[in-house]
Structures are given as structure tokens and as C-alpha cells.
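# Overview (structure and organization)
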Amino acid sequence: MPDQTTRRQALVQITAGAAASAALASLSPAALAQATYQPRALTREQFKILRVLVDMIIPATETPGATALGVDRMIDKTLTGQDDPPEAFLDELNNLVASGFADIEESDRVKLLEEYSQAAGEKGDFFQILKDLTVDHYYSTEVGLIDELGYEGNTALNEFPGCTHEEHR
Amino acid sequence: MPAEKFDVCVIGSGAAGGALAGELTRRGARVALIEAGKYRDPSKLRTHGWPYDQTQPVAVPDVTADPKREPVTYEGDAISVSRGRVIGGRTTHWNAVALRFSEDDFREWSVNGVEEDWPISYDEIAPYYDKAEELMVVCGTRENLKVLPDGRFIKPLSLRCSESILARASKKIGMRVIPVRKALATEAGHGRAPCHYCGHCMQGCGVSAIFNTAEHVIPRARRTGRLTLRSGWMVRELRTGDEARVQSALIFERDSRREEEIHADVFAVCGGNIESARLLLNSRSARFPNGLANNNDIVGRYLHGHITGEVQGYLKDLVGTKPGNQDGALDHAYIPRTETAKGADYAGGFGIQLNVRGYMRPHHARFVPGFGRDFKRRVRDLQPAHTSALAFGKVVAHAENRVTLHPTLVDDYGLPLPRVTFHWQPNDIAMYKAMLDGCHKLYDAASVAFRAQLKGPGGFASHEVGCVRMGRDPKTSILNEFNQTREIKNLFVVDGSSFTTFPEKNPTLTIVALAIRAAENIMRMKDRGDL
Ligand SMILES: Cc1cc2nc3c(=O)[nH]c(=O)nc-3n(C[C@H](O)[C@H](O)[C@H](O)COP(=O)(O)OP(=O)(O)OC[C@H]3O[C@@H](n4cnc5c(N)ncnc54)[C@H](O)[C@@H]3O)c2cc1C
Ligand code: SF4
């Protein structure tokens with residue numbers, strides 16, 4: 001029902017196929033970080049802002065952050081595949097380009113993104129789209145799924161033992 | 001040379017058509033089974049792929065109707081219908097929850113004063129539930145509940161930690177968590193590979209541990225030597241002559257567009273609800289200008305299905321624990337409906353499937369507020385505590401909710417598109433509120449660290465029914481109690497479109513039971529010369 005689907009929903013649905021572009025990140029994180037990537041859906045300036053943003057959403061901790069795993073590139077690829085480019089998202093990126101977001105103090109950046117994360121309307125939508133894209137791609141990577149989340153499944157077991165804890169019953 | 005004439009032409013090879021063709025051939029009938037889709041080899045599925053090592057997501061686009069070539073048009077509220085195009089129909093990627101309807105579920109009018117009673121009772125269908133369970137192999141436990149009759153079960157799935165915790169909590173609020181009942185082999189010795197708990201059930205089980213007519217029925221039917229399977233061929237229309245009798249099915253090969261005619265004594269439509277109604281409506285002639293068996297303008301009407309609501313919860317007891325391997329066979333537990341309170345503003349009930357979402361994605365990552373280090377940490381800590389409560393509620397059958405033929409648009413094959421018109425009714429909206437309320441109460445009782453209510457209501461969770469309903473009243477129904485159309489003796493409609501009304505329980509076990517029963521009656525009528 002495309003007529004009943006908002007642009008934001010459409011984008012969110014597409015990211016359900018995040019796995020597709022995750023495959024494109026089969027380079028090692030280090031190789032990825034060094035490679036000079038030519039963004040296609042985004043301009044260089046927009047891409048620069050995106051890189052800053054995705055690392056603010058998922059920074060490096062004991063495990064790598066978003067750009068080290070190529071999440072920035074995956075998002076550009078996802079956007080490239082869209083029939084209907086998410087204008088509101090691009091508009092907001094442009095606003096950040098214009099305001100020199102990449103070059104301001106880190107504490108100011110955090111403050112600004114916090115505002116976005118709590119805003120309603122266009123800004124709030126922008127933040128949610130950005131976050132959906134970032135987390136969908138990040139946790140579809142091997143590092144995100146296995147190292148960060150500790151996922152142990154997707155394998156064949158003879159038995160599924162179930163809960164053996166007295167305190168849970 | 002005169003064309004071969006079959007005893008029965010079955011249209012569609014899903015749960016209904018597969019089971020029907022299986023039972024008919026077993027009983028000695030020569031059957032032509034026409035299936036629009038082709039064979040998909042389960043061993044070639046990449047069900048154990050990783051999101052990061054493949055160029056396509058693990059999905060099954062080749063088994064459903066292509067939305068570009070064969071779209072559905074919608075009017076009204078946001079719902080969607082699902083349509084298979086593969087040998088085995090949607091049993092190739094269903095989730096296999098197999099629940100008997102209760103005695104009262106067949107008597108909505110007598111018991112609740114809504115809708116109508118079915119023309120058959122629980123007692124009449126019970127022996128066929130036995131047969132359906134034997135065919136499908138259903139795991140579960142006997143619970144002795146009036147709202148959810150017991151069946152013939154094999155070893156149940158064991159409960160995960162989250163399900164044990166919810167089981168304990170549910171007692172405080174008058175709910176009851178029981179092991180789910182699924183058509184799934186939990187142990188060896190049932191003629192198929194046992195489940196290996198990988199959690200990819202709805203992408204198609206690679207070893208067919210789940211019941212699937214393509215693997216568990218059709219090969220057996222073929223071995224009788226009485227089955228002619230025409231896969232990749234679709235029925236365009238059913239043809240009648242001057243008599244009220246279907247003479248032949250006009251079929252075409254989807255790849256080549258070549259046409260042929262299939263002749264048979266009996267025709268059984270099992271196209272999966274929407275498509276069954278569409279085929280009858282598309283089969284117009286001078287004698288049947290409204291489509292087949294549709295003098296009363298009821299074909300396509302009373303379309304309904306389940307209303308769904310979902311809340312994901314993250315159990316305090318499990319936050320920050322070691323994740324382990326929780327995949328299993330998706331949902332291992334079910335909460336049967338409770339008695340609807342006297343004075344409630346809705347009729348009917350809802351059941352809850354726990355943990356249908358699986359563990360390969362952090363479903364909460366989009367919803368947990370904030371960003372940065374704390375956010376990342378929280379997503380990790382919550383992951384092992386994930387549980388989902390997906391409630392399925394009864395929807396009241398309503399004549400205005402219907403499938404018609406689109407007046408101008410056609411699909412790639414020149415067939416008018418189905419047009420689905422649907423609006424939720426007040427009972428449905430009240431039901432939706434009660435369902436969400438039930439999920440939240442459950443989490444309150446269990447104590448959760450975080451919860452996310454998904455956007456809703458959803459319809460119909462691939463559980464669409466109605467459209468060619470059976471009933472007692474010829475003015476509001478098409479079929480008699482044997483799934484036979486009243487207007488055309490040798491025409492049967494055997495899938496979920498035949499349901500008079502629909503409780504909160506998943507449809508497929510009842511579809512298979514009705515198909516086995518219809519096969520028996522078709523053979524009996526044929527032997528008596530009634531067809
Ligand atoms: C993801 C998913 C999960 C599900 N989980 C459950 C569950 O847990 N429990 C449950 O009870 N149900 C579940 N269902 C629903 C279940 O799959 C259906 O109820 C069941 O398959 C219906 O059987 P059917 O024979 O009516 O239709 P289908 O299985 O859809 O088969 C119909 C077949 O008819 C063919 N066909 C249609 N029109 C024509 C034509 N004109 N000519 C030739 N062939 C035609 C189609 O190609 C199709 O293969 C689920 C469905 C899905 C998609
Ligand atoms: S969990 Fe079991 S039934 Fe589900 S896909 Fe894996 S093996 Fe098949």
C-alpha cells in the first residue's frame with residue numbers, strides 16, 4: 001500500500017534488507033577505514049557528516065564503532081538503492097553541512113544530537129531514520145552480531161535443553 | 001484421442017490442496033493437481049546464512065506471488081494478504097502453530113450472539129483433527145482446556161528461560177503459558193528429520209522438520225500412480241456448459257502462456273482464500289454472469305483474518321546475562337485465550353505467541369532511547385533478556401469486507417487484479433486494545449527493564465479466511481457442510497475461504513482437517529453417483 005506508507009516507513013522497510021549491503025562490507029575493518037570511498041547517494045560533504053553521526057550513535061568501545069565496520073558506506077549504498085530518495089533526511093544532512101557540524105566542538109555536537117534525539121517532527125524523524133539505518137547495519141556485521149552482542153546461534157543442535165534454572169520457575 | 005478425464009481436479013497444492021489431493025489419491029481417485037508455482041528444493045535454501053556473508057537477505061521471494069507482476073490492490077484500512085506460488089503453497093514457509101478450534105468456536109451465534117454458527121460442530125470435525133495431526137505430526141502437551149482442545153501430540157518443545165519466567169508471572173494475572181503446539185518433529189521416528197533448533201522456520205525449513213505438503217504429502221500421493229501434478233500451470237477459469245456443472249478448467253503455463261483444458265468429474269478450489277474467490281469471480285459465463293456459485297453475491301464477502309498486536313519486553317531477571325544460544329524453533333510457548341469478561345466491549349478472545357521474532361537481531365536497538373556508549377552498552381545488556389508477545393485476536397466476519405475483481409487493472413497474465421476492501425469494525429478495535437493491555441499486564445507481572453510496543457494493528461498475519469464461506473443460511477453462504485457449493489454440485493472450495501467464522505486460533509490445522517473430511521465426502525458422493 002505505497003499510498004499509505006510514509007517516506008520514513010519506506011526507508012525503514014528498506015533497511016530490513018540491510019543484510020544485502022552488509023555483504024558489501026566484506027573488507028576488513030582496517031582496510032575499510034583506509035579506503036577512499038566515493039559516496040553515490042550522498043555528496044562528499046553529506047557523507048562526511050554521516051560518518052561523524054554514525055560514530056556518535058555507535059562509538060568504538062571494546063568493539064569497533066560504526067565507521068570502522070563500514071556502516072557509513074552501507075548506508076550510502078542503501079540510499080543509492082532507493083526509488084524515492086528520503087528528501088527530509090537529505091535536507092537535514094544539508095542543514096548540518098551548512099552549520100559546520102563536523103568541525104564544531106565535540107561537546108556541542110553531542111548537545112545538538114541530543115536535541116535531535118528528543119525533537120518531534122522533521123528533526124526527530126531524521127534522528128530515527130539515522131539511528132534505524134545505523135543499528136540495522138551495525139548489528140548485521142560479524143563484529144556487531146557476534147563480538148558485540150555475543151550471539152551464539154544459527155547452528156544445528158541435537159537437543160534444545162531449555163531453561164534449567166530453578167529460580168526462573 | 002479424447003482428453004484424459006480425471007476423477008478430481010484440485011487447484012492449489014498448499015495446506016488445503018495438498019492434503020485433499022493426498023487423501024483423494026490414497027482413497028483411489030485419479031487426481032490432476034494444478035499448481036501455479038514450481039518446486040523449491042529445501043536443501044538448497046540458505047537458511048543458515050549470515051546477514052554479512054551473502055548478497056541477498058535470507059528470504060523467500062520465489063515462493064510468493066510477485067507483487068510487481070501480480071499485485072493486489074487495497075482499499076480501506078492498512079492490512080495485507082499473503083499468496084503463495086510454489087508447490088506446497090505457504091506450508092513451505094509457515095510457522096506451523098497448529099491449534100484445534102473449540103466447541104464454542106463453531107457456535108458464535110449460539111454462545112456469544114455474534115456472527116453465525118458453522119454448519120458443523122466440534123464433534124463432527126474432531127475425528128478429522130485426529131487425522132490431520134497424524135499427518136502433520138504436532139508437538140505439544142495435554143492441558144485439558146475447554147478453550148483449546150487437546151490433540152494427538154508428540155514430545156513438546158522445552159521452554160526457554162524467558163518463557164519459564166513468563167509462565168510463572170502469567171499465573172498471577174489468570175493467564176497460562178503452555179508449550180506451543182506446532183506441526184514440527186521434535187524427535188526422530190516420525191518419517192522426517194527432527195528439528196535442529198536453528199530458528200529459521202519462516203524462511204523455509206532446510207530439513208523439512210516442519211510439516212510441508214510439498215515434502216510430506218505430494219511425494220506419497222505420486223507414489224500411488226494416481227496423481228498428475230501440473231506445476232507452473234495456473235487455472236485461468238473454470239468452464240461450465242448449459243448445465244450447472246463445471247466441465248473443465250482452462251489452465252495456462254506461466255512461463256510459456258500455453259493453454260490447455262483439464263476435464264474432471266469434480267473440481268476442488270484450494271487457491272488460498274483470496275485466489276479462490278478470485279477464480280470463482282473470474283469464471284463468468286452467460287449462465288453465471290456474477291461468477292461461479294455467486295447468485296447471492298456472497299463470493300468474496302466476509303473476508304477476515306487475525307488482528308495482531310505486539311509488544312516486546314526485556315525481562316529484568318535476564319538483563320546482562322550471558323546470551324547463550326536461544327534460537328530454538330522460534331516460539332516455544334503459547335498463551336491460550338482467557339474467558340472474556342462479562343460486560344467486555346468485544347466478543348471473542350486472543351491468544352499470545354511468545355518469541356516468534358528470533359534472536360539473530362537486536363529488535364530493541366531501534367527503540368532504546370539515546371545514542372553513544374551508554375546506548376551501545378544498553379543494547380548489549382538487553383539482548384539476552386528479549387522476549388516478544390505477539391497477540392492474535394478474533395476478527396468479526398463482516399459482509400462489506402471483501403475481495404472483488406479490479407474493474408480495469410489486470411496482472412501480467414491478463415487476469416483482473418484482486419481488489420481487497422477492508423475496514424476494522426468496532427469489535428476489532430476494542431479487541432486490539434484488550435490484546436495490548438494483556439501483553440502489558442503480562443510484562444508488568446514479570447517485571448521488565450524495557451518494552452517496545454510495535455505499530456499496529458496488523459492484519460491478517462497471513463491468516464486470511466472467509467470469502468467463500470460455508471454456512472447454514474443459503475442467503476449468507478456459498479458452501480454446505482461438505483465444502484460443496486450449493487449452486488454447482490461438482491464444485492468444492494476447501495481452503496480457509498470456507499470458514500464461517502474465525503476464532504483467535506491459527507487456521508491451518510482446521511484447513512487440513514476440513515480437506516481430509518471433504519475428500520472422504522467427495523469419494524462417498526461419487527460412489528453413490530451423486531456427483
Ligand atoms: C510466514 C507465515 C507463517 C505462518 N504461520 C502459520 C502458523 O503458525 N499456523 C497456521 O495455522 N498458519 C500459518 N500460516 C498460514 C498458512 O501458511 C496458511 O493458512 C496455509 O498455507 C493455507 O493453505 P492454503 O492451501 O489455503 O493456501 P496456500 O498454502 O497459500 O496454497 C495455495 C496454493 O494455490 C496455488 N494457486 C492459487 N491460485 C491458483 C490458480 N488459479 N491455479 C493454480 N494454482 C493456484 C498457489 O500457487 C499456492 O501454492 C503462515 C503463513 C505464513 C506466510
Ligand atoms: S528450527 Fe527446526 S523447524 Fe525451524 S527451520 Fe530450524 S530445523 Fe527447521
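Residues numbered from 1 in each chain as written. Chains lettered and ligands numbered in written order. Predicted model: local features only at pLDDT ≥ 70, side-chain atom pairs only at ≥ 80, totals over all residues. Heavy atoms only, no water.

## Some words on the overall build of chain B
Broken down by element type, chain B carries 10 helices and 19 strands. Radius of gyration (C-alpha) of chain B: 23 Å, near the 24 Å computed for a compact globule of 531 residues. Referenced to the eigenvectors of the C-alpha coordinate spread, the extents of chain B come out at roughly 75 × 55 × 45 Å. The 531 residues of chain B split such that 65% are buried. Of the contacts formed within chain B by residues at least 6 apart in sequence, a portion of 74% connects residues at least 24 apart. If you sum the accessible surface of chain B, you get close to 19,300 Å²; carbon and sulfur atoms cover 49% of it. (Helix = DSSP H or I, 4+ residues; strand = E, 2+ residues; numbered from the N terminus. Rg over C-alpha atoms; globule rule 2.2 N^0.38 Å. Buried < 20%, exposed > 50% of the residue type's maximum accessible area, 1.4 Å probe, protein only. Contact = heavy atoms within 4.5 Å. Areas by Shrake-Rupley, 256 points an atom, 1.4 Å probe, with all protein chains shown as cover.)

## Observations concerning the site of ligand 1
Residues and elements named next belong to chain B. Surveying the vicinity of ligand 1 reveals 35 residues, the closest of which are Ala 16, Glu 35, Arg 90, Val 97 and Thr 508. Separating an oxygen atom of ligand 1 from a backbone N or O atom of Val 86 is a distance of 3.1 Å. At 2.8 Å, a side-chain N or O of Thr 508 approaches an oxygen atom of ligand 1. Of all elements in the fold, only α1 (15-26), β2 (31-35), β8 (233-240), β18 (458-467) and α10 (508-527) reach the threshold of two or more residues within the shell around ligand 1. With three residues, the top contributor of residues to the shell around ligand 1 is β8. Classifying every residue of the shell around ligand 1 by side-chain character gives 16 nonpolar, 14 polar and five charged. (Near = heavy atom within 4 Å. Polar contact = N/O pair within 3.5 Å; in protein donor to acceptor, adjacent residues only side chain to side chain. Nonpolar A, V, L, I, M, F, W, Y, C, P; charged D, E, K, R; others polar.)

## Observations concerning the packing of aromatic side chains
All names here are of chain B. Applying the stated criterion across every chain, the model contains 21 aromatic pairs over all chains. Considering the side-chain rings of Phe 101 and Phe 106, the 5.9 Å spacing of their centres and the 45 degrees angle between planes classify their relative orientation as tilted. A relative accessible area of 0% places Phe 101 in the buried class. Connected via pairs of aromatic rings, a cluster forms that spans Phe 101, Phe 106, Trp 118, Phe 499 and Phe 502. Cation over ring: Arg 230 sits above Trp 233, and NZ or CZ is 4.6 Å from the ring centre. The lysine or arginine in question, Arg 236, covers the ring of Phe 252, its NZ or CZ lying 4.4 Å from the ring centre. (Phe/Tyr/Trp six-rings, centres within 6.5 Å; stacked < 30°, edge-to-face > 60°. Lys NZ or Arg CZ within 6 Å of the ring centre and 35° of its normal.)

## Remarks on the nonpolar core
Among the nonpolar cores identified, the biggest contains 206 residues, and Phe 89 of chain A together with Val 10, Leu 20, Leu 24 and Leu 238 of chain B are the most heavily contacted of them. When residues in this core are grouped by element, the largest group, 12 residues, is from α10 of chain B. Among all residues touching Phe 89 of chain A, those that are not within four sequence positions of it are Leu 50, Leu 79, Phe 126, Ile 129, Leu 130 and Leu 133 of chain A. The next biggest cluster of nonpolar side chains, apart from the first, holds five residues, and it includes Ala 36, Met 234, Tyr 413 and Leu 415 of chain B. (Core = buried A, V, L, I, M, F, W, Y, C linked by side-chain atoms within 4.5 Å.)

## Digging into the pairing of strand β9 (residues 246-253) of chain B
All names here are of chain B. For β9, the buried fraction is high: seven of the eight residues fall into the buried class. The sheet contact formed by β8 and β9 spans seven bridges and is antiparallel. Pairing of Leu 238 across the sheet is with Ala 249, part of β9. Here β8 hands over to β9 after five residues, the two strands then running antiparallel side by side. As paired strands, β9 and strand β10 (residues 259-269) are joined by five bridges and run antiparallel to one another. Across the sheet, Ile 251 pairs through a bridge with Glu 260, a residue of β10. Hairpin connection from β9 to β10: five residues lie between these consecutive antiparallel strands, with Arg 257 at a positive phi of about 65 degrees. (Pairing = 2+ DSSP bridges.)

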